[in-house]
Amino acid sequence: MPEGPEIRRAADRVQQQIGEREIDAAWFAFPELAEQAASLVGARVTRVDTWGKAMLIRFSDRRVLYSHNQLYGVWKQHDADQPPDTKRTLRVRLTAQGRSASLYSASDISLWHEDNLAQHPFLSRLGPDLLSQEVTAGDVQQRLNLKQFHKRSLGALLLDQGLVAGLGNYLRSEILFFAQLSPKTRPIDLSPGQQQMLAKCIIETTLQTYQTAGITNCDAWIKQAKVAGESRSQWRFAVFDRAGLQCHRCGEVIQRIMVGSRRLYLCPRCQSS
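Residues numbered from 1 in each chain as written. Predicted model: local features only at pLDDT ≥ 70, side-chain atom pairs only at ≥ 80, totals over all residues. Heavy atoms only, no water.

1. Observations concerning the side chain of Q141
Relative to the elements of secondary structure, Q141 occurs in helix α4 (residues 137-144). By relative accessible area, which is 18% here, Q141 ends up buried. At a separation of 3.3 Å, a polar atom in the side chain of Q141 contacts the side chain of Q195. Residues contacting Q141, with those up to four places away along its chain left out, are P192, Q195, Q196 and A199. (Helix = DSSP H or I, 4+ residues; strand = E, 2+ residues; numbered from the N terminus. Buried < 20%, exposed > 50% of the residue type's maximum accessible area, 1.4 Å probe, protein only. Polar contact = N/O pair within 3.5 Å; in protein donor to acceptor, adjacent residues only side chain to side chain. Contact = heavy atoms within 4.5 Å.)

Written out as structure tokens, the structure reads:
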């Protein structure tokens, strides 16, 4: 499933396509939305942002189109008279000034008034979004110390969207590696300095992934990995998907373990505590 940075980049593309433009035509596959399509004509798209792995298209009449891509959903941008050649099932199409943004294959789609958006059954359970909301390392550290989070292992906690929204499996491995922490460690076990470093890594790794279209690794280690003949799927990460390869930091062999049903990669030397 795409993680927060990928959804934020998709939102940027939709914003570029139809943002600040008035809707000329709207189409929805689901009957409960189809009956509202005509009422969106004339509304301006004021902003396209994200909350975790959900995209929010905001209109000038204060309505918000919520969509979650889940595993298979994808937004495509195209000219209004040239729809993409795809076998995917069309779910939503918004057209403005000859430009269209079309959502395919997703099924979790709904239209809300912004005053009621916090009551959405998924959004109401989320922590703050690191890319669409103003979140500081201090904010994240404070959340790590909340009663519902501070005694949970980091390997499980970093996938809990209630802590912060948008983290997923590869980001979890990368964040723990850069913070040099074991997935078994709990926030309550950390010193204030370690908590600060973890909070900083959560924000900075997520932001870098967004800015670089999926690269979490640092330049020096990327050069080292390329010389060693690693593929892009390996050198783009510092630790994720690198089982059996040497740790960039200390040379130890990277391990793959299972935390619940999800794979996690770590350096047994750098992340011994």
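That covers the picture; the talk isn't over yet.
2. Topic: the packing of helix α6 (residues 169-179) against helix α7 (residues 192-211)
Taken N-terminus to C-terminus, the directions of α6 and α7 make an angle of 130°; their axes are 9 Å apart at the nearest point. The orientation of α6 relative to α7 falls into the category oblique. Note on packing geometry: the crossing formed by α6 with α7 is right-handed. Residues Y170, L171, E174, I175, F178 and A179 of α6 touch α7, and the partners they reach there are M197, L198, C201, I202, T205, T206 and T209. Among the residues forming the contact of α6 with α7, the class breakdown is nine nonpolar, three polar and one charged. (Axes fitted to C-alpha atoms, helices over the stretch in contact; angles between N-to-C directions. Parallel < 35°, antiparallel > 145°, perpendicular 65-115°, else oblique. Left-handed = near helix turned anticlockwise from the far one by under 90°. Nonpolar A, V, L, I, M, F, W, Y, C, P; charged D, E, K, R; others polar.)

3. With respect to the sheet that holds strand β8 (residues 108-113)
Strand order in the open sheet formed by four strands is β2-β3-β4-β8, with antiparallel pairing between adjacent strands. Edge strands, defined here as strands with exactly one partner in the open sheet, are β2 (45-51) and β8. On average, each strand axis in the sheet is tilted by 20° relative to the strand beside it, whichever way the strands run. (Pairing = 2+ DSSP bridges.)

4. Quick look at the nonpolar core
One recurring pattern in soluble globular proteins is that nonpolar side chains are buried together. The biggest cluster of nonpolar side chains holds 36 residues, and the ones touching the most others in it are L130, V140, L167, I175, L198 and I202. Among the secondary structure elements, those contributing two or more residues to this core are α4, α5 (154-157), α6, α7 and β10 (262-266). In terms of residues, this core owes the most to one element, α6, which gives six residues. With sequence-adjacent residues up to four places away left out, L198 is seen in contact with L144, L154, I175, A179, L181 and L190. (Core = buried A, V, L, I, M, F, W, Y, C linked by side-chain atoms within 4.5 Å.)

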